[in-house]
Amino acid sequence: MSRDAGSLIENAVFLAKSGENKYRVYEEFKGEISGLGLPAPKYEDAVRRLAEELRV
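Residues numbered from 1 in each chain as written. Predicted model: local features only at pLDDT ≥ 70, side-chain atom pairs only at ≥ 80, totals over all residues. Heavy atoms only, no water.

(A) Expanded view of the overall build of the protein. Regarding its fold elements, the protein presents 3 helices and 0 strands. Along the chain direction, N to C, the helices and strands of the protein fall in the order α-α-α. Taking 10 Å as the expected radius of gyration for a compact globule of 56 residues, we find that the protein reaches 10 Å, a close match to that expectation. Its C-alpha atoms put the protein at 30 × 15 × 15 Å along the principal axes. (Helix = DSSP H or I, 4+ residues; strand = E, 2+ residues; numbered from the N terminus. Rg over C-alpha atoms; globule rule 2.2 N^0.38 Å.)

Rendered as structure tokens:
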């Protein structure tokens, strides 16, 4: 996973723990990860990790 994707996931988890709606955070950050232009397997891994971390 790229360093940028990891940072985005950490930010998403922080926002969710701060009281933001975790489903909205998931959708927003899924788009941010998509914007990184990662190859499909790395994108899928990053989105899977995002979902696991947010428990969505």
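Having put the structure on the table, let's press on.
(B) Summary view of the nonpolar core. Among the nonpolar cores identified, the biggest contains 15 residues, and Y26, F29, I33, L50 and L54 are the most heavily contacted of them. Of all the secondary-structure elements, those providing two or more residues to this core are α1 (3-17), α2 (22-34) and α3 (40-54). In this structure, I33 is in contact with L8, I9, L38, Y43, A46, V47 and L50, ignoring residues within four places of it in sequence. (Core = buried A, V, L, I, M, F, W, Y, C linked by side-chain atoms within 4.5 Å. Buried < 20%, exposed > 50% of the residue type's maximum accessible area, 1.4 Å probe, protein only. Contact = heavy atoms within 4.5 Å.)

(C) Looking closely at the pattern of salt bridges. Counted under the stated rule, the structure contains 4 salt bridges. A salt bridge links E20 to R24; the nearest nitrogen and oxygen atoms lie 2.6 Å apart. The class for R24 is partly exposed, based on a relative accessible area of 39%. Note that D45 and R48 form a salt bridge whose closest N and O atoms lie 2.8 Å from each other. Highlighted residues: D45 and R48, both in helix α3, separated by 3 residues, approximately one helical turn. When its relative accessible area of 40% is taken as the criterion, D45 is described as partly exposed. Classification of R48 by relative accessible area gives partly exposed; the value is 45%. Taken together, the salt bridges that share partners define one network made up of E20, R24 and E28. (Salt bridge = Lys/Arg side-chain N within 4 Å of Asp/Glu carboxyl O.)

(D) Broad picture of α3. Taking 1.5 Å of rise per residue, 15 residues should cover 21 Å, and α3 covers 21 Å from first to last C-alpha, within 8% of that figure. Along α3, the residues that are buried comprise A46, V47, L50, A51 and L54. Buried residues along α3 cover an arc of 135° about the axis, so they all sit on one side. Counted as exposed and oriented over 90 degrees from the buried face of α3: P41 and E52. (Expected span 1.5 Å × (residues − 1). Arc of directions from axis to C-beta.)

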